[in-house]
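Residue-level listing of the chains:
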Amino acid sequence: MQLPSVEVSQSPEAKFREYLASRPKPQRCTKQQERMVRFIFSQHNHFDAEKLIDAMKQAGLPVSRATVYRTLTKLVDAGLLRRLELGPSMYYEHDYGYPQHEHLYCQRCGAVIEFQHPELDALIRQVGREHGFHANSHTFIVRGTCSECNRARVTKRRLDLV
Ligand SMILES: [Zn+2]
Ligand SMILES: [Zn+2]
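Attention here is on the structure that accompanies the text. Source: prediction; values computed, not measured. (Residues numbered from 1 in each chain as written. Chains lettered and ligands numbered in written order. Predicted model: local features only at pLDDT ≥ 70, side-chain atom pairs only at ≥ 80, totals over all residues. Heavy atoms only, no water.)

1. As for the packing of aromatic side chains
Going through the model one piece at a time under the given rule, you end up with two aromatic pairs. Seen in terms of ring centroids, F16 and Y19 are 6.1 Å apart; in terms of plane orientation they differ by 15°. Their pairing is stacked. With F16 and Y19 both in helix α1 (residues 12-21) and three residues apart, this pair spans about one turn of that helix. Judged by relative accessible area, which is 0%, F16 ranks as buried. Under the relative-accessibility criterion, Y19 is labelled buried at 11%. (Phe/Tyr/Trp six-rings, centres within 6.5 Å; stacked < 30°, edge-to-face > 60°. Helix = DSSP H or I, 4+ residues; strand = E, 2+ residues; numbered from the N terminus. Buried < 20%, exposed > 50% of the residue type's maximum accessible area, 1.4 Å probe, protein only.)

Put into structure tokens, the structure is as follows:
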């Protein structure tokens, strides 16, 4: 499932190049980094560094492990990616060009379900107002078991009873 994207003025690659150039010690975007940014932004999903390394290798786009880890940190800093603490490892997803949304995370199969809810947004705004707090972003993750895993569990329990 993918939410409709948000209009942005620059391509992710251009935004990343601009970020690197604006560092106290300006850097240039390497070929590997550019390949990585293009690959990440070709589809929206939730991934960790190891999954990304595997997926890029499968797509015939080898990239060094060190580059992946280093570049992911920079992409978060540049506002292109958002970090999500789902399971034991750190996950990433697009932030740039993608709307604010929340997550249901299945601890059995690792499924991630994205959702948006106007009442939740209103509640967060209201709590902010009450505290005189200006919110820039938030992370909301509900952990549990997805419907498919629930169904599988019920079926297994029925079988156990037979
Ligand atoms: Zn599940
Ligand atoms: Zn998401």
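2. Thoughts on the coordination of the zinc ion (ligand 2)
Each donor-metal-donor angle in an ideal tetrahedron of four donors is 109.5 degrees, and each such angle in an ideal octahedron of six donors is either 90 or 180 degrees. Donor atoms from the polypeptide that bind the zinc ion (ligand 2) are H46 (NE2), E93 (OE), H101 (NE2), H103 (NE2) and E114 (OE), placed at 2.0 to 2.2 Å. Positions of the donor residues of the zinc ion (ligand 2) along the chain correspond to the pattern H-x46-E-x7-H-x1-H-x10-E. Taken together, the residues span a long stretch of sequence, with H46 in the loop between α2 (31-40) and α3 (49-58) and H103 in strand β3 (residues 102-106) at a distance of 57 residues. (Donors = N, O, S within 2.8 Å, 3.2 Å for Na, K, Ca; no water.)

3. Describing the coordination of the zinc ion (ligand 1)
Surrounding the zinc ion (ligand 1) are the protein donor atoms C106 (SG), C109 (SG), C146 (SG) and C149 (SG), which sit 2.3 Å from the metal. Taken in chain order, the donor set of the zinc ion (ligand 1) reads C-x2-C-x36-C-x2-C. With C106 in strand β3 and C149 in helix α6 (residues 147-161), this pair connects stretches of sequence that are 43 residues apart. Both residues of the pair, C106 and C149, count as buried.

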